[in-house]
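Structural characterization, general
What follows is the residue order along each chain.
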Amino acid sequence: MIIEVEGRRIELDWRDAAMLLALLWVKFSALSVSHFHAVEADPGRLRARVERLKSLGLVKEVKLGRGSVIYLTNLGYEVASLLEKKAAELNILQKSA
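Each chain carries its own residue numbering, running from 1 in the direction its sequence is written. Residues qualify for local features only when their pLDDT is at least 70, as the model is predicted, and side-chain atom pairs are given and counted only at 80 or more; totals for whole chains, interfaces and linings, by contrast, use all residues. Hydrogens and water molecules were not included; the side-chain quantities draw on all heavy atoms of the structure.

1. Remarks on the packing of helix α1 (residues 14-25) against helix α2 (residues 43-55)
Their axes nearest at 11 Å, the elements α1 and α2 cross at an angle of 70 degrees. Relative to α2, the element α1 is oriented roughly perpendicular. In this structure, α1 contributes R15, D16 and M19 to the contact, and α2 contributes L46, R49, V50, R52 and L53. When residue character is reported, Ala, Val, Leu, Ile, Met, Phe, Trp, Tyr, Cys and Pro are called nonpolar, Asp, Glu, Lys and Arg charged, and the others, Gly included, polar. Residue composition of the contact of α1 with α2, by class: four nonpolar, no polar and four charged. Note on method: axes are straight lines fitted to C-alpha atoms, helices fitted across the in-contact stretch only, with angles between N-to-C directions ranging 0 to 180 degrees. Every helix listed is a DSSP run of H or I at least four residues long, and every strand listed is a run of E at least two residues long, numbered separately from the N terminus. With respect to orientation, any angle under 35 degrees is reported as roughly parallel, any angle over 145 as roughly antiparallel, any angle of 65 to 115 as roughly perpendicular, and every other angle as oblique. In what follows, a contact means two residues having at least one pair of non-hydrogen atoms within 4.5 Å.

Right, here's the structure in full:
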């Protein structure tokens, strides 16, 4: 899918979207990279995905010992919010009771 924000066209696949939405929905918009193994099981591919999201300016990363935490940038927050809005419009978000 292609998201347009701030005059930029950003191409994302479902794994990218899942990571951005997860970061949007957690309390502090930050999670350890290890939380995303359900989205991308292969550690090398997960690392490449994080690096790609960083290069797009959607997330930043902080190293903590042997692990790291990623969090949304302002642009990442905007993109994740647009993804959430599009998903709601398509009625593909599960509504909480």
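Having seen the structure, we can now continue with the description.
2. Here we look at the nonpolar core
Of all hydrophobic cores here, the largest spans 26 residues; its most connected members are L12, L20, L58 and V79. The set of elements that each furnish at least two residues to this core consists of β1 (2-5), α1, α2, β5 (67-72) and α3 (74-89). The biggest single contributor to this core is α1, with six residues. If we ignore the near neighbours within four places in the chain, the residues touching V79 are I3, V5, I10, L12, L20 and L58. For our purposes a nonpolar core is just a set of buried Ala, Val, Leu, Ile, Met, Phe, Trp, Tyr and Cys residues, chained together by side-chain atoms within 4.5 Å. Burial classification: accessible surface area is computed with a 1.4 Å probe over protein chains only, and a residue below 20% of its type maximum counts as buried, one above 50% as exposed, and the rest as partly exposed.

3. Details of unusual backbone geometry
Note: most residues except glycine have negative phi, and most peptide bonds are trans. Of note, the phi angle at E6 is positive, near 50 degrees, even though the residue is not glycine. On the basis of relative accessibility, which here comes to 55%, the residue E6 falls in the exposed class.

4. Considerations on the packing of α1 against α3
Contact pair α1 / α3: the axes reach a minimum separation of 9 Å and the direction vectors enclose 100 degrees. When the axes of α1 and α3 are compared, the pair comes out roughly perpendicular. Within the contact between the two elements, α1 uses A17, L20, L21, L24 and W25 and α3 uses Y77, V79, A80, S81, L83 and E84. Split into classes, the residues belonging to the contact of α1 with α3 amount to nine nonpolar, one polar and one charged.

5. Looking at the sheet that holds strand β3 (residues 30-32)
Backbone hydrogen bonds are what pair the strands of a sheet, in a parallel or an antiparallel way. For two strands to count as paired, DSSP must find a minimum of two bridges between them. If you trace the three strands from one edge of the open sheet to the other, you get β3-β5-β4, paired in antiparallel fashion. Pairing within the sheet leaves two strands with one partner each, and these edge strands are β3 and β4 (59-64). Pairs of neighbouring strands in the sheet enclose a mean axial angle of 25 degrees, with direction left out of account. Pairing analysis gives three bridges linking β3 to β5, with the strands arranged antiparallel. Across the sheet, residue L31 finds its bridge partner in β5, namely I70.

6. Points about the side chain of E40
You can see E40 is positioned in the loop between β3 and α2. Polar contacts involving the side chain of E40 include one to the side chain of R49, which spans 3.1 Å. In contact with E40, other than residues within four places in its own chain, are R15, R45, L46 and R49. Any N or O atom pair separated by 3.5 Å or less is treated as a polar contact, with the protein-specific requirement of one donor-capable and one acceptor-capable atom, and with residues adjacent in sequence counted only for side-chain atom pairs.

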